[in-house]
Amino acid sequence: MIGCAIIYEGMYDYSEGWRKAKIAEIGFGREIAMRSSRDCRKEMPTEAVQLGGFAVVQFEGEAGHQFRIAPLPKQSTLQLGDLVYVNIVDCARPLIPP
């Protein structure tokens, strides 16, 4: 039996938690009040949250549309509506533009 894997851009493996997503909201620190299935800010040191930028991203999960609050890359130019890759199992991984 041959298995198949989904690999985005030749390097973002679905089985390692990478998903295509769309930015629904952007904010700094605790500015984002929207709820999500996972909020990576809860897993980060307080000072990192206070100084960092975050985005709510929407992606297709097993139960349909899901939301995640994930860190933006440092010096990010990402904007509302941009497509990105989000790692849904590792909050230390910032969003990655395609």
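This text follows the structure it describes.
The model shown is predicted, which means the values in this text are computed figures rather than measured ones. Residue numbering note: each chain is counted from 1, following its sequence as written. Given that the model is predicted, a residue must reach a pLDDT of at least 70 before its local features are reported, and side-chain atom pairs must reach 80 or more before they are shown or counted; all residues, however, enter totals for whole chains, interfaces and linings. Excluded from the side-chain calculation are hydrogens and water; included are all heavy atoms of the structure.

**What to know about the overall build of the chain**
Each helix and strand counted, the chain has one helix and seven strands in total. Helices (α) and strands (β) of the chain occur, in sequence order from the N terminus, as β-β-β-β-α-β-β-β. On C-alpha atoms alone, the chain measures out to a radius of gyration of 13 Å, which is about the 13 Å that the 2.2 N^0.38 rule sets for 98 residues. With the C-alpha coordinates of the chain rotated into their principal frame, the extents come out at 50 × 25 × 25 Å. Relative to its 98 residues, the chain shows a buried fraction of 37%. Only the protein chains shown count as cover for residues, and all accessible areas are computed by the Shrake-Rupley method using a 1.4 Å probe. Carbon and sulfur atoms provide 53% of the accessible area of the chain, an area that totals close to 6400 Å². Only four residue types enter the tally: Lys and Arg on the positive side, Asp and Glu on the negative side; His and the chain ends are excluded. We put the charge of a Lys on NZ, of an Arg on CZ, of an Asp on CG and of a Glu on CD. With 11 positive and 12 negative side-chain charges, the chain shows a separation of 3 Å between the mean positions of the two kinds. Strands are runs of DSSP state E lasting at least 2 residues, helices are runs of H or I lasting at least 4, and numbering of each runs from the N terminus. Between the two quantities, the radius of gyration covers C-alpha atoms and the globule rule is 2.2 Å times the number of residues to the power 0.38. In this scheme, a residue with accessible area under 20% of its type's maximum is buried, one over 50% is exposed, and one in between is partly exposed, where area comes from a 1.4 Å probe on protein chains only.

**Description of the state of the cysteines**
Any two cysteine sulfur atoms within 2.5 Å of one another count as a disulfide. Scanning the entire structure with this criterion turns up one disulfide. In this model, Cys40 is linked to Cys91 through a disulfide, with the two sulfur atoms separated by 2.1 Å. On the sign convention where negative means left-handed, the S-S torsion of about -70° between Cys40 and Cys91 marks this disulfide as left-handed. With Cys40 in the loop between strand E4 (38-39) and helix H1 (46-51) and Cys91 in the segment after strand E7 (83-87), this pair connects stretches of sequence that are 51 residues apart. Neither residue differs from the other here; Cys40 and Cys91 are each classed as buried.

**Remarks on unusual backbone geometry**
In this model, Gln75 sits at a positive phi of 55°, which is unusual for a non-glycine residue. Within the secondary structure, Gln75 is located in the loop between strand E6 (64-71) and E7. Under the relative-accessibility criterion, Gln75 is labelled exposed at 80%.

**Looking at the side chain of Asp13**
Residue placement: Asp13 occurs in strand E2 (residues 12-13). When a carboxyl oxygen of Asp or Glu lies within 4 Å of a side-chain nitrogen of Lys or Arg, that pair is called a salt bridge. Buried charge Asp13 goes without a salt bridge, the closest partner of opposite sign being Arg19 at 7.4 Å.

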